[in-house]
Amino acid sequence: MPKRASSGTKGLFKRHRGCTNRGPLTSCACAWYGSIAAREVTLSKWARCTVDPHTKTVAIKVLTRVVAAVDDGTFDAAGERPPLGTAETLSHFITEWQVHYAEVQGLTQNSLAAMLDVLATGALGGHSLSTSPATPKKSNGG
Ligand SMILES: [Zn+2]
């Protein structure tokens, strides 16, 4: 496994896989990692969102949530869990739908689970239903 390249922020680093960058970590596209208390996650996978590899801003925000989850005892290496009482995530909704609707209704198309998995584990999966693109924001271009 490639050696850690430290960012100067505690717990925030990159592993340059097949990457020759040895300068500032923000100058390559390698993923950010977060590490605390012997736990290590790829920040974008854990938070189920894009974490810009060219700036530390978002990476530090996500890392802060990793640290908070570890402190709270709610840390799950599989991914960020929304705090209780907040909006349900798309990922969670998909799981519920699959168990309580698709299986009950006998929806057995082979590709269904794979397609839902792409949605649930992709960038949208971690979004809460109240902020997902189902209610698009107004854009300038129309
Ligand atoms: Zn790199």
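Keep in mind that this is a model prediction, so the values were computed, not measured.

Trainee: When you look at the nonpolar core in this model, what are you seeing that I'm missing?
Mentor: Side chains that are nonpolar tend, in soluble globular proteins, to be buried together. W32, L43, V51, A59, V62 and L63 are the most contacted members of the largest nonpolar core, which has 13 residues in total. Per-element accounting of this core gives the leading share, four residues, to helix α2 (residues 57-72). Among residues more than four places away in sequence, those in contact with V62 are G34, L43, A47 and V51.

Trainee: Explain the sheet that holds strand β3 (residues 32-36) here, please?
Mentor: Adjacent strands of a sheet pair through backbone hydrogen bonds, lying either parallel or antiparallel. Pairing in this open sheet of four strands is antiparallel, and the strands run β1-β2-β3-β4 from one edge to the other. In the strand order of this sheet, the two ends are held by β1 (4-6) and β4 (39-42), each with one partner. Going from strand to strand, the sheet's axes swing by 35 degrees on average, the running direction of each strand aside. Of the pairings in the sheet, the one linking strand β2 (residues 12-15) to β3 comprises three bridges and is antiparallel in character. Its bridge partner being in β3, K14 is matched across the sheet by W32. Its contacts with the sheet place α2 against β2, β3 and β4, and it is angled at close to 25 degrees to β3.

Trainee: Please clarify how the packing of helix α3 (residues 90-102) against helix α4 (residues 110-121) should be interpreted in this entry.
Mentor: Angle between the axes and distance between the axes are the two parameters that describe a pair of packed helices. At a minimum axis distance of 9 Å, the contact between α3 and α4 shows a crossing angle of 160 degrees. What the angle tells us is that α3 and α4 run roughly antiparallel. Side by side, α3 and α4 meet where L90, S91, I94, T95, Q98 and A102 of the first sit next to L112, L116, L119 and A120 of the second. Residue classes in the contact of α3 with α4 are distributed as seven nonpolar, three polar and no charged.

Trainee: In this structure, what is going on with the pairing of β2? I would like to understand it.
Mentor: On any regular strand, side chains alternate: one points to one face of the sheet, the next to the other face. In this sheet, β2 lies alongside β1 in antiparallel orientation, the contact comprising three bridges. Note on β2: the bridge partner recorded for R4 is R15.

Trainee: Help me out: how do you make sense of the pairing of β3 in this one?
Mentor: In the sheet, β3 pairs with β4 via four bridges, with the strands oriented antiparallel. Each bridged residue has a counterpart across the sheet, and for I36 the counterpart in β4 is R39. Here β3 folds back onto β4 in antiparallel fashion, the turn holding two residues, of which A37 has a positive phi close to 50 degrees.

Conventions adopted
- Residues numbered from 1 in each chain as written.
- Predicted model: local features only at pLDDT ≥ 70, side-chain atom pairs only at ≥ 80, totals over all residues.
- Core = buried A, V, L, I, M, F, W, Y, C linked by C-beta atoms within 7 Å.
- Buried ≥ 20, exposed ≤ 12 C-beta atoms within 10 Å, placed from the backbone.
- Helix = DSSP H or I, 4+ residues; strand = E, 2+ residues; numbered from the N terminus.
- Contact = placed C-beta atoms within 7 Å.
- Pairing = 2+ DSSP bridges.
- Axes fitted to C-alpha atoms, helices over the stretch in contact; angles between N-to-C directions.
- Parallel < 35°, antiparallel > 145°, perpendicular 65-115°, else oblique.
- Nonpolar A, V, L, I, M, F, W, Y, C, P; charged D, E, K, R; others polar.

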